[in-house]
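Listed here are the chains, written in short residue letters.
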Amino acid sequence: MRKKISAAVIGLGVAGSFVLATGSASSHGYISTPPSRQALCAAGTVTNCGGIQYEPQSVEGPKGFPAAGPADGTICSGGNSRFAQLDDPRGGGWPATHLTGGQSYTFTWKLTAQHSTTDFSYYLTKNGYDPTKPLTRSELNTTPFLKIPYNGAQPPATVTHQGTIPTGRTGKQLIVGVWTIADTGNAFYACADVQF
Ligand SMILES: [Cu+2]
């Protein structure tokens, strides 16, 4: 009898920690500045976005970008078909933040859970990027222009990173921000449309 009770208690403990882990995994983060596609949807600036408007923090996909991670054409949704609206170029019509090459810029993420972090990395498209087509790796400079290692530390709920915007771009381009989590197999993806 005593044995049975302790097994039940252990069982409860395992179930309890599973519920906790699931709870934290539903809370994550997204780029708010410059406004990412999911931020524009959540703000109502862009409509017909589907479910992402209610949970802009949920663009979670496999980590390892750019060698691994979401497939070409699904990068902005983190490979989540339920957020496919984020991959839709809308004819190049996504609102874009004006940037100048060489300027200093402060990026902001809003985190709803402060996961143990490997790094935050920021990528930019190359000239020749076609804003009317879903993003592929061949259109990106796959070396990040800004990479901030955290070595497993937990970032604050509002996390900012200052960097220098690369030079040599013209017209509409796309920034891809990737928040790589240290203790899971996942990362969070956010695409922000910009105009040079
Ligand atoms: Cu999370």
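Above this text is the structure in question.
Residues numbered from 1 in each chain as written. Predicted model: local features only at pLDDT ≥ 70, side-chain atom pairs only at ≥ 80, totals over all residues. Heavy atoms only, no water.

Participant: Sorry if this is basic, but what is going on with the pairing of strand β1 (residues 29-33) here?
Facilitator: Where a strand is regular, its side chains alternate between the two sheet faces. The buried count for β1 comes to 4 of 5 residues, which makes it a mostly enclosed element. For β1 and strand β4 (residues 104-111), the ladder comprises 4 bridges, and the chain directions are antiparallel. Residue Gly 29 lies in a different strand from β4, and its bridge partner there is Leu 111. (Buried < 20%, exposed > 50% of the residue type's maximum accessible area, 1.4 Å probe, protein only. Helix = DSSP H or I, 4+ residues; strand = E, 2+ residues; numbered from the N terminus. Pairing = 2+ DSSP bridges.)

Participant: What's the story with the nonpolar core in this structure? I'm lost.
Facilitator: For soluble globular proteins, the rule of thumb is that nonpolar side chains tend to be buried together. Membership of the largest hydrophobic core comes to 22 residues, with the highest contact counts inside it found for Cys 41, Ile 52, Phe 65, Leu 86, Leu 135, Val 176 and Val 178. Broken down by secondary-structure element, the contributors of at least two residues to this core are α2 (37-43), β8 (172-181) and β9 (186-195). If we skip the residues at most four places from it in the chain, Leu 135 touches Asp 72, Gly 73, Thr 74, Ile 75, Thr 125, Tyr 129, Leu 140, Leu 174 and Val 176. (Core = buried A, V, L, I, M, F, W, Y, C linked by side-chain atoms within 4.5 Å. Contact = heavy atoms within 4.5 Å.)

Participant: What's the story with the state of the cysteines in this structure? I'm lost.
Facilitator: Think of a disulfide as a covalent bridge from one cysteine sulfur atom to another cysteine sulfur atom. All chains considered together, the criterion is met by 2 disulfides. What pairs with Cys 41 in a disulfide is Cys 49, and their sulfur atoms sit 2.0 Å apart. Taking the sign of the S-S torsion, -70° for the link of Cys 41 and Cys 49, the bridge is left-handed. Here Cys 49 falls in the buried class, since its relative accessible area comes to 2%. The partner cysteine of Cys 76 in its disulfide is Cys 191, sulfur to sulfur 2.1 Å. Note on the Cys 76 and Cys 191 pair: the S-S dihedral is about -90°, so by sign convention the disulfide is left-handed. Here Cys 76, found in the loop between β2 (60-62) and β3 (97-98), pairs with Cys 191, found in strand β9; they are 115 residues apart in sequence, far enough to count as distant. Taken individually, Cys 76 and Cys 191 each receive the classification buried, so the pair is uniform in this respect. Counting only the cysteines that form disulfides, in the order they appear in the chain, gives the pairing 1-2, 3-4. (Disulfide = S-S within 2.5 Å.)

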